[in-house]
Structures are given as C-alpha cells and as structure tokens.
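Given next are the chains, with one letter for each unit.
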Amino acid sequence: MDDADNAAIPSPLFAGIIPKLITVLEHTQRSEGAMTPQAKQALLQATNDFKNALAQAKDYRGLCLAEN
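Residues numbered from 1 in each chain as written. Predicted model: local features only at pLDDT ≥ 70, side-chain atom pairs only at ≥ 80, totals over all residues. Heavy atoms only, no water.

### Remarks on the environment of aspartate 49
Within the secondary structure, aspartate 49 sits in helix α3 (residues 37–67). Taking the C-alpha atoms as reference, aspartate 49 lies 8.9 Å from leucine 21; in sequence the two are 28 residues apart. (Helix = DSSP H or I, 4+ residues; strand = E, 2+ residues; numbered from the N terminus.)

Right, here's the structure in full:
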C-alpha cells in the first residue's frame, strides 16, 4: 500500500460530505430573496453540518499521514 492509499478518506466519510454540501447549496438556492429567520437558521445548521463533516474527514486524513 502506498502513501496515497493510506491517506485516502474512507468511503463513509466521503459519502457523508457530498449530501451535506448539496443541502447547503439547496438552502442557498431557496433563499434568493429575503430570508426568514427560520431559513437563516436552516442554512446555518446545514453549513455547520458540512463544515463538521469536512473537518472530521481532514482530521482522519491527518491521522493517517501522521502514522506514515
């Protein structure tokens, strides 16, 4: 196994990132006018979920790189 294989993000982590990004984009597209407080909260939550999933994947990748 080479370094690229060891540094790869596991499928479940990657698979979880894409739907979260899509959710953020959908909220952004829906809110092209004035945003209600509920819409702002939903966008904030979706953005935070995406950022957390991305950070988790990066942390995992960093652990793999540190082991090599």
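### What to know about a nonpolar patch on the surface
A contiguous nonpolar surface patch, about 270 Å² in accessible area, is contributed by Phe14, Ile18 and Ile22. Note that phenylalanine 14 resides in helix α2 (residues 11–30). (Patch = residues over 30% accessible without salt bridge, like charges linked within 9 Å, V, L, I, M, F, W, Y side chains within 5 Å. Areas by Shrake-Rupley, 256 points an atom, 1.4 Å probe, with all protein chains shown as cover. Salt bridge = Lys/Arg side-chain N within 4 Å of Asp/Glu carboxyl O.)

### Observations regarding the confidence of the model for the protein chain
Per-residue confidence for the protein chain gives a mean pLDDT of 80, with 71% of residues at or over 70. Ranking the elements of the protein chain by mean pLDDT puts helix α1 (residues 3–7) last with 50 and α2 first with 88. (pLDDT = per-residue confidence, 0-100.)

### Focus on the nonpolar core
Ile17, Val24, Leu43, Ala46, Phe50, Ala53 and Ala57 form the largest nonpolar core, which has seven residues in total. Every element with two or more residues in this core is listed here: α2 and α3. No other element matches the five residues that α3 contributes to this core. Discounting residues that sit within four places of it in the chain, valine 24 has contacts with Leu43, Ala46, Thr47 and Phe50. (Core = buried A, V, L, I, M, F, W, Y, C linked by side-chain atoms within 4.5 Å. Buried < 20%, exposed > 50% of the residue type's maximum accessible area, 1.4 Å probe, protein only. Contact = heavy atoms within 4.5 Å.)

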